[in-house]
Amino acid sequence: MAILDKPGVVDAGCFALPDHAVISLEGRDALAFAQAQCMSDVAALADNGWHWSGWLTPKGRVIALFAVLRLGPESVWMLVPDGDPEALAARLRGLVFRSKVKVAARPELHVAGAFTAPERASGAVLAGDDASGVELDFGDGTLPRSLRVSAVAAGPDPAAQARWHAFDLAHGWPRLPPSQTEAWTPQQLSLDRLKAYSVKKGCYPGQEIVARTHFLGKAKRGLVLFGAPAAPAAGSDVLGDGKPLGTVACSGDAAGSACPAAALALAVLPLERDDSATFEADGRTLAVLPLRDGLAR
(Lines give C-alpha, C1' and ligand atoms only; values in the text may rest on other atoms or scores of the structure.)
Protein backbone atom coordinates (compact mmCIF):
# COMPACT_ATOMS: atom_id res chain seq x y z
CA MET A 1 0.00 0.00 0.00
CA ALA A 2 2.02 2.95 -1.25
CA ILE A 3 2.05 6.14 0.80
CA LEU A 4 4.62 7.85 -1.40
CA ASP A 5 3.78 9.01 -4.92
CA LYS A 6 7.07 7.54 -6.19
CA PRO A 7 9.93 5.72 -4.48
CA GLY A 8 12.03 8.31 -2.69
CA VAL A 9 9.59 11.16 -3.34
CA VAL A 10 7.34 12.67 -0.68
CA ASP A 11 3.76 13.52 -1.63
CA ALA A 12 3.26 17.11 -2.76
CA GLY A 13 1.98 19.37 0.00
CA CYS A 14 3.76 17.52 2.80
CA PHE A 15 6.07 19.36 5.19
CA ALA A 16 8.46 18.05 7.81
CA LEU A 17 7.38 17.64 11.44
CA PRO A 18 10.85 17.31 12.99
CA ASP A 19 9.41 17.56 16.51
CA HIS A 20 7.64 14.18 15.99
CA ALA A 21 9.35 10.80 16.23
CA VAL A 22 8.53 7.08 16.24
CA ILE A 23 9.28 4.48 18.90
CA SER A 24 8.53 0.92 17.79
CA LEU A 25 7.65 -2.11 19.90
CA GLU A 26 8.30 -5.31 17.97
CA GLY A 27 7.95 -8.94 18.98
CA ARG A 28 5.61 -11.56 20.36
CA ASP A 29 4.88 -9.51 23.50
CA ALA A 30 4.70 -6.08 21.85
CA LEU A 31 0.96 -5.70 22.33
CA ALA A 32 1.02 -6.98 25.93
CA PHE A 33 3.90 -4.65 26.78
CA ALA A 34 2.10 -1.64 25.29
CA GLN A 35 -1.07 -2.59 27.14
CA ALA A 36 0.82 -2.78 30.43
CA GLN A 37 2.55 0.60 29.99
CA CYS A 38 0.19 2.87 28.05
CA MET A 39 -2.69 4.65 29.75
CA SER A 40 -5.08 3.77 26.91
CA ASP A 41 -6.62 0.37 26.12
CA VAL A 42 -4.17 -0.72 23.43
CA ALA A 43 -5.56 -4.28 23.43
CA ALA A 44 -8.89 -2.90 22.20
CA LEU A 45 -7.26 -1.70 18.98
CA ALA A 46 -7.70 -3.81 15.88
CA ASP A 47 -4.83 -4.21 13.43
CA ASN A 48 -4.34 -0.87 11.60
CA GLY A 49 -6.10 1.00 14.39
CA TRP A 50 -4.76 3.94 16.40
CA HIS A 51 -5.75 6.29 19.18
CA TRP A 52 -4.33 8.92 21.55
CA SER A 53 -2.44 7.67 24.58
CA GLY A 54 0.38 8.40 26.98
CA TRP A 55 2.76 7.05 29.59
CA LEU A 56 2.50 7.96 33.28
CA THR A 57 4.61 7.86 36.41
CA PRO A 58 3.39 5.59 39.22
CA LYS A 59 1.89 8.74 40.75
CA GLY A 60 -0.23 9.30 37.65
CA ARG A 61 1.75 12.18 36.13
CA VAL A 62 2.21 12.43 32.38
CA ILE A 63 5.71 11.51 31.19
CA ALA A 64 4.81 11.60 27.49
CA LEU A 65 1.79 11.89 25.25
CA PHE A 66 1.60 10.14 21.88
CA ALA A 67 -0.57 8.38 19.35
CA VAL A 68 -0.32 4.59 19.66
CA LEU A 69 -0.61 2.60 16.41
CA ARG A 70 -1.24 -1.13 16.13
CA LEU A 71 0.34 -2.16 12.84
CA GLY A 72 -0.13 -5.86 13.58
CA PRO A 73 -0.27 -8.41 16.40
CA GLU A 74 3.50 -8.06 16.97
CA SER A 75 4.06 -4.44 15.94
CA VAL A 76 3.07 -1.32 17.86
CA TRP A 77 4.29 2.23 17.24
CA MET A 78 4.28 5.22 19.53
CA LEU A 79 4.15 8.46 17.53
CA VAL A 80 5.67 10.94 19.96
CA PRO A 81 5.62 14.75 19.62
CA ASP A 82 7.96 17.05 21.52
CA GLY A 83 9.91 14.46 23.51
CA ASP A 84 13.34 12.83 23.31
CA PRO A 85 12.57 9.48 21.63
CA GLU A 86 15.92 7.91 22.52
CA ALA A 87 15.53 8.79 26.21
CA LEU A 88 11.92 7.61 26.28
CA ALA A 89 12.80 4.34 24.52
CA ALA A 90 15.62 3.76 27.01
CA ARG A 91 13.23 4.20 29.95
CA LEU A 92 10.78 1.78 28.39
CA ARG A 93 13.52 -0.78 27.71
CA GLY A 94 14.27 -0.76 31.42
CA LEU A 95 10.83 -2.29 31.98
CA VAL A 96 11.02 -5.09 29.42
CA PHE A 97 12.52 -7.74 31.76
CA ARG A 98 11.68 -11.15 30.22
CA SER A 99 9.10 -9.91 27.73
CA LYS A 100 9.71 -10.81 24.09
CA VAL A 101 9.67 -7.27 22.78
CA LYS A 102 12.25 -4.97 21.21
CA VAL A 103 11.81 -1.28 22.03
CA ALA A 104 13.61 1.08 19.66
CA ALA A 105 13.61 4.73 18.64
CA ARG A 106 13.38 4.89 14.84
CA PRO A 107 15.36 7.91 13.60
CA GLU A 108 15.30 6.53 10.06
CA LEU A 109 11.53 7.14 9.97
CA HIS A 110 10.52 10.71 9.17
CA VAL A 111 7.21 12.34 10.08
CA ALA A 112 5.47 14.78 7.75
CA GLY A 113 2.14 16.59 7.78
CA ALA A 114 -0.24 18.01 5.19
CA PHE A 115 -3.38 20.10 5.43
CA THR A 116 -5.15 17.84 2.97
CA ALA A 117 -7.43 14.85 3.39
CA PRO A 118 -5.59 11.51 3.68
CA GLU A 119 -5.57 9.30 0.60
CA ARG A 120 -6.40 6.01 2.31
CA ALA A 121 -6.56 6.52 6.08
CA SER A 122 -9.83 7.46 7.75
CA GLY A 123 -10.64 8.33 11.35
CA ALA A 124 -9.06 5.78 13.67
CA VAL A 125 -7.95 3.46 10.84
CA LEU A 126 -4.45 3.99 9.47
CA ALA A 127 -3.18 2.99 6.05
CA GLY A 128 0.15 1.47 5.05
CA ASP A 129 2.83 -0.51 6.84
CA ASP A 130 6.38 -0.32 8.15
CA ALA A 131 7.86 -0.97 4.72
CA SER A 132 5.85 1.41 2.56
CA GLY A 133 5.07 4.14 5.06
CA VAL A 134 2.05 4.88 7.23
CA GLU A 135 -0.68 7.48 6.79
CA LEU A 136 -3.05 8.73 9.51
CA ASP A 137 -6.10 10.95 9.52
CA PHE A 138 -5.29 13.79 11.94
CA GLY A 139 -8.19 16.02 10.89
CA ASP A 140 -11.20 16.91 13.00
CA GLY A 141 -13.95 15.83 10.61
CA THR A 142 -14.28 19.35 9.20
CA LEU A 143 -10.73 20.59 8.72
CA PRO A 144 -8.56 18.03 6.85
CA ARG A 145 -5.13 17.09 8.07
CA SER A 146 -3.01 14.03 7.33
CA LEU A 147 0.20 12.71 8.83
CA ARG A 148 2.72 10.50 7.06
CA VAL A 149 5.55 8.38 8.46
CA SER A 150 8.09 7.05 5.96
CA ALA A 151 11.77 6.60 5.24
CA VAL A 152 11.79 9.76 3.11
CA ALA A 153 12.07 13.21 4.70
CA ALA A 154 9.78 16.04 3.62
CA GLY A 155 11.05 19.57 3.19
CA PRO A 156 10.89 22.13 6.00
CA ASP A 157 8.06 24.67 6.17
CA PRO A 158 8.20 26.55 9.50
CA ALA A 159 4.92 28.38 8.85
CA ALA A 160 3.06 25.13 8.15
CA GLN A 161 4.66 23.48 11.17
CA ALA A 162 3.50 26.38 13.37
CA ARG A 163 0.00 26.03 11.94
CA TRP A 164 0.07 22.29 12.79
CA HIS A 165 1.10 23.08 16.35
CA ALA A 166 -1.69 25.67 16.67
CA PHE A 167 -4.23 23.14 15.38
CA ASP A 168 -3.21 20.75 18.16
CA LEU A 169 -3.51 23.42 20.85
CA ALA A 170 -6.88 24.66 19.58
CA HIS A 171 -8.24 21.10 19.83
CA GLY A 172 -6.88 20.50 23.33
CA TRP A 173 -3.97 18.20 22.42
CA PRO A 174 -1.24 19.38 24.84
CA ARG A 175 2.20 19.87 23.29
CA LEU A 176 4.17 19.63 26.52
CA PRO A 177 7.70 21.06 26.69
CA PRO A 178 10.27 19.30 28.91
CA SER A 179 9.52 21.64 31.82
CA GLN A 180 5.95 20.34 31.97
CA THR A 181 6.58 16.59 31.85
CA GLU A 182 5.64 14.73 35.04
CA ALA A 183 3.70 17.82 36.16
CA TRP A 184 0.11 16.92 35.28
CA THR A 185 -2.40 14.10 35.57
CA PRO A 186 -4.48 13.05 32.54
CA GLN A 187 -7.57 14.60 34.11
CA GLN A 188 -5.83 17.92 34.68
CA LEU A 189 -4.99 17.94 30.97
CA SER A 190 -8.63 17.09 30.11
CA LEU A 191 -7.49 14.05 28.13
CA ASP A 192 -10.89 12.45 28.61
CA ARG A 193 -11.98 14.72 25.72
CA LEU A 194 -9.66 12.76 23.43
CA LYS A 195 -10.41 9.34 24.98
CA ALA A 196 -6.68 9.13 25.67
CA TYR A 197 -6.82 7.11 28.90
CA SER A 198 -8.77 4.20 30.33
CA VAL A 199 -10.15 3.73 33.83
CA LYS A 200 -11.35 0.18 33.21
CA LYS A 201 -8.65 -1.77 31.36
CA GLY A 202 -6.58 -2.83 34.38
CA CYS A 203 -3.12 -2.09 35.65
CA TYR A 204 -0.68 0.38 34.13
CA PRO A 205 1.62 2.94 35.76
CA GLY A 206 -0.51 5.52 37.56
CA GLN A 207 -3.76 3.60 36.92
CA GLU A 208 -4.77 3.58 40.59
CA ILE A 209 -4.49 7.36 40.84
CA VAL A 210 -6.33 7.93 37.55
CA ALA A 211 -9.16 5.52 38.42
CA ARG A 212 -9.57 6.83 41.96
CA THR A 213 -9.80 10.41 40.72
CA HIS A 214 -12.37 9.35 38.12
CA PHE A 215 -14.64 7.19 40.25
CA LEU A 216 -14.55 9.43 43.32
CA GLY A 217 -15.22 12.53 41.23
CA LYS A 218 -12.17 14.32 42.58
CA ALA A 219 -11.01 15.99 39.36
CA LYS A 220 -10.97 19.67 40.22
CA ARG A 221 -8.88 21.15 37.40
CA GLY A 222 -8.83 20.93 33.63
CA LEU A 223 -7.55 22.60 30.46
CA VAL A 224 -8.61 26.05 29.31
CA LEU A 225 -7.69 27.46 25.90
CA PHE A 226 -6.59 31.10 25.87
CA GLY A 227 -5.77 33.57 23.15
CA ALA A 228 -2.97 36.03 23.90
CA PRO A 229 -1.04 38.84 22.17
CA ALA A 230 2.14 36.75 22.60
CA ALA A 231 2.77 33.24 23.86
CA PRO A 232 3.19 33.08 27.65
CA ALA A 233 5.93 30.75 28.83
CA ALA A 234 4.98 27.23 29.89
CA GLY A 235 4.93 27.10 33.67
CA SER A 236 3.80 30.71 34.01
CA ASP A 237 1.16 31.49 36.62
CA VAL A 238 -2.28 32.38 35.32
CA LEU A 239 -3.86 35.18 37.33
CA GLY A 240 -7.59 35.70 37.60
CA ASP A 241 -8.44 39.24 38.69
CA GLY A 242 -4.89 39.51 40.02
CA LYS A 243 -4.92 36.27 42.05
CA PRO A 244 -3.01 33.05 41.19
CA LEU A 245 -5.48 30.65 39.63
CA GLY A 246 -3.61 28.15 37.47
CA THR A 247 -0.59 27.40 35.29
CA VAL A 248 0.24 27.54 31.58
CA ALA A 249 0.99 23.99 30.40
CA CYS A 250 1.99 24.85 26.82
CA SER A 251 1.68 27.64 24.28
CA GLY A 252 2.53 28.63 20.74
CA ASP A 253 1.87 30.82 17.74
CA ALA A 254 -1.80 30.97 16.68
CA ALA A 255 -0.83 30.81 12.99
CA GLY A 256 -3.63 29.55 10.78
CA SER A 257 -5.94 28.78 13.72
CA ALA A 258 -8.61 31.36 12.80
CA CYS A 259 -8.04 32.85 16.25
CA PRO A 260 -7.98 36.65 16.38
CA ALA A 261 -5.11 36.53 18.90
CA ALA A 262 -1.45 36.15 17.93
CA ALA A 263 -0.82 33.20 20.25
CA LEU A 264 -2.58 30.31 21.94
CA ALA A 265 -2.02 28.79 25.36
CA LEU A 266 -3.41 25.75 27.17
CA ALA A 267 -3.56 26.27 30.92
CA VAL A 268 -4.68 24.12 33.83
CA LEU A 269 -7.34 25.95 35.85
CA PRO A 270 -10.02 25.02 38.40
CA LEU A 271 -13.13 23.55 36.81
CA GLU A 272 -15.19 25.88 38.98
CA ARG A 273 -14.16 29.40 38.03
CA ASP A 274 -15.54 32.70 36.80
CA ASP A 275 -14.70 33.05 33.10
CA SER A 276 -15.72 36.71 33.23
CA ALA A 277 -12.60 37.40 35.31
CA THR A 278 -9.62 39.25 33.85
CA PHE A 279 -6.97 36.63 33.12
CA GLU A 280 -3.25 37.33 32.74
CA ALA A 281 0.01 35.40 32.36
CA ASP A 282 3.50 36.82 31.94
CA GLY A 283 1.93 40.28 31.98
CA ARG A 284 -0.20 39.44 28.95
CA THR A 285 -3.98 39.62 28.91
CA LEU A 286 -5.62 36.27 28.13
CA ALA A 287 -8.99 35.68 26.45
CA VAL A 288 -10.88 32.44 27.06
CA LEU A 289 -11.54 30.53 23.83
CA PRO A 290 -13.67 27.42 23.23
CA LEU A 291 -11.77 24.18 22.73
CA ARG A 292 -12.57 22.62 19.37
CA ASP A 293 -13.82 19.05 19.08
CA GLY A 294 -13.20 16.34 16.52
CA LEU A 295 -9.83 14.81 17.40
CA ALA A 296 -11.17 12.00 19.62
CA ARG A 297 -10.51 8.56 18.15
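Starting from 1, residues in each chain are numbered consecutively following that chain's sequence as written. Given that the model is predicted, a residue must reach a pLDDT of at least 70 before its local features are reported, and side-chain atom pairs must reach 80 or more before they are shown or counted; all residues, however, enter totals for whole chains, interfaces and linings. Side-chain metrics in this entry use all non-hydrogen atoms of the structure; hydrogen atoms and water are not considered.

Q: Give me the overall build of the protein: which residues, what numbers.
A: Here a strand is any run of E in DSSP of at least two residues, a helix any run of H or I of at least four, and the numbering for each starts at the N terminus. If you tally the helices and strands in the protein, you get 4 helices and 16 strands. Expected size for 297 residues packed as a compact globule is a radius of gyration near 19 Å; at 19 Å, the protein falls within 12% of this value. Along the first, second and third principal axes, the C-alpha set of the protein runs to 55 × 45 × 30 Å. Relative accessibility thresholds used throughout: buried, under 20% of the residue-type maximum; exposed, over 50%; partly exposed, between the two (1.4 Å probe, protein chains only). Residue burial in the protein is summarised as follows: out of 297 residues, 54% are buried. With C-alpha atoms as the basis for the radius of gyration, the globule rule is written as 2.2 Å multiplied by the number of residues raised to the power 0.38.

Q: Any chance you could break down the nonpolar core for me, citing the residues and the numbers?
A: We define a nonpolar core as any set of buried Ala, Val, Leu, Ile, Met, Phe, Trp, Tyr and Cys residues linked to one another through side-chain atoms lying within 4.5 Å. Core analysis: the largest hydrophobic core is formed by 50 residues, its most contacted members being Leu-69 and Leu-189. The leading source of residues in this core is helix 3 (residues 158-170), at 6 residues. Those residues in contact with Leu-189 that sit more than four places away from it in its chain are Val-62, Leu-65, Pro-174, Leu-176, Trp-184, Leu-223, Ala-249 and Val-268. By size, the runner-up hydrophobic cluster in this structure holds 24 residues, among which are Leu-31, Ile-63, Ala-89 and Val-96. It only takes one pair of heavy atoms within 4.5 Å for two residues to be counted as in contact.

Q: Before we move on, could you go through the side chain of Gln-207 and cite the residues and values that matter?
A: Mapped onto the elements of the fold, Gln-207 is located in helix 4 (residues 207-215). In this view, Gln-207 contacts Val-199 and Gly-202; residues no more than four positions away in its chain are not counted.

Q: I'd like a rundown of the packing of aromatic side chains, residues and numbers included.
A: In summary, the pairing rule links any two rings of Phe, Tyr or Trp, Trp by its six-membered ring, whose centres are within 6.5 Å, and it sorts them by plane angle into stacked for under 30 degrees, edge-to-face for over 60 and tilted for everything else. Counting across every chain of the model gives 9 aromatic pairs. The interplanar angle of 75 degrees and the centroid separation of 6.0 Å between the aromatic rings of Phe-15 and Trp-164 together place this pair among those described as edge-to-face. Taken together, the residues Phe-15 in strand 1 (residues 15-16) and Trp-164 in helix 3 connect sequence positions 149 residues apart. No difference in accessibility class separates Phe-15 from Trp-164, as the two residues are buried. Taken together, a centroid distance of 6.1 Å and an interplanar angle of 25 degrees make the contact between Phe-138 and Trp-164 stacked. Here Phe-138, found in the loop between strand 9 (133-137) and strand 10 (146-150), pairs with Trp-164, found in helix 3; they are 26 residues apart in sequence, far enough to count as distant. The class for Trp-164 is buried, based on a relative accessible area of 1%. Put simply, the rings of Phe-15, Trp-50, Trp-52, Phe-115, Phe-138, Trp-164 and Trp-173 touch in pairs and so form one group of aromatic residues.

Q: How would you summarise helix 3 if you had to cite specific residues and measurements?
A: By this rule the span expected of a helix is its residue count minus one, scaled by 1.5 Å. With 13 residues, helix 3 should cover 18 Å at 1.5 Å per step; its first-to-last C-alpha distance of 18 Å lies within 8% of that length. Residues Ala-160, Trp-164, His-165, Ala-166, Phe-167, Asp-168, Leu-169 and Ala-170 constitute the buried set of helix 3. In the stretch just after helix 3, Gly-172 is the one whose phi turns positive, near 80 degrees.

Q: Before we move on, can you summarise the pattern of salt bridges with the specific residues and values?
A: For side chains of opposite charge, pairing can occur when their charged atoms come near one another. Only one rule defines a salt bridge in this text: a Lys or Arg side-chain nitrogen within 4 Å of an Asp or Glu carboxyl oxygen. Within this structure, the stated rule accounts for 14 salt bridges. Notably, a salt bridge pairs Asp-130 with Arg-106, separated by 3.2 Å at the nearest N-O pair. Of the two residues, Asp-130 is situated in the loop between strand 8 (127-129) and strand 9 and Arg-106 in the loop between strand 6 (102-105) and strand 7 (110-114); the sequence distance between them amounts to 24 residues. Among the residues examined, Asp-130 registers a relative accessible area of 32% and is labelled partly exposed. Arg-106 gets classed as buried once you look at its relative accessible area, which sits at 14%. A single network of salt bridges, built from pairs that share partners, joins Asp-19, Asp-82, Arg-145, Asp-168 and Arg-175.

Q: Go over the environment of Cys-259, please, and point to the residues and values.
A: Examined against the element boundaries, Cys-259 turns out to sit in the loop between strand 13 (243-253) and strand 14 (263-270). Along the backbone, Cys-259 and Arg-148 are 111 residues apart, and their C-alpha atoms lie at a distance of 26 Å. Excluding residues that lie within four positions of it along the chain, Cys-259 makes contacts with Ala-254, Leu-264 and Leu-289.

Q: Describe in detail helix 1 (residues 30-37), supporting the description with residues and values.
A: For helix 1, the tally of buried residues reaches 6 of 8 residues, placing the bulk of the element in the interior. The complete set of buried residues in helix 1 reads Ala-30, Leu-31, Phe-33, Ala-34, Gln-35 and Gln-37. Contacts made by the buried residues of helix 1 are with strand 2 (20-26), strand 3 (49-56), strand 4 (62-72), strand 5 (75-81), helix 2 (85-93) and strand 6.

Q: Lay out the environment of Gly-172 in plain terms, naming residues and giving numbers.
A: Along the chain, Gly-172 turns up in the loop between helix 3 and helix 4. With 19 residues separating them in the primary sequence, Gly-172 and Leu-191 have C-alpha atoms 8.1 Å apart.

Q: Pulling in residues and values, what's your account of the pairing of strand 10?
A: Among the 5 residues of strand 10, 5 are classified as buried, and the element is accordingly described as predominantly covered. Burial along strand 10 is two-sided: Ser-146, Arg-148 and Ser-150 and Leu-147 and Val-149, pointing in opposite directions, are all buried. Two strands are said to pair when DSSP picks up at least two bridges between them. Here strand 7 runs beside strand 10; their pairing, made up of 5 bridges, is antiparallel. Residue pairing across strands places Gly-113 opposite Leu-147, the latter belonging to strand 10.

Q: Quick one: what's the story with unusual backbone geometry, residue by residue and with numbers?
A: Positive phi is not limited to glycine here, since Asp-82 has a value of about 75 degrees. As for its position among the elements, Asp-82 is in the loop between strand 5 and helix 2. Non-glycine residue Phe-97 carries a positive phi angle of around 55 degrees. Mapped onto the secondary structure, Phe-97 falls in the loop between helix 2 and strand 6. Given a relative accessible area of 71%, Phe-97 falls into the exposed group.

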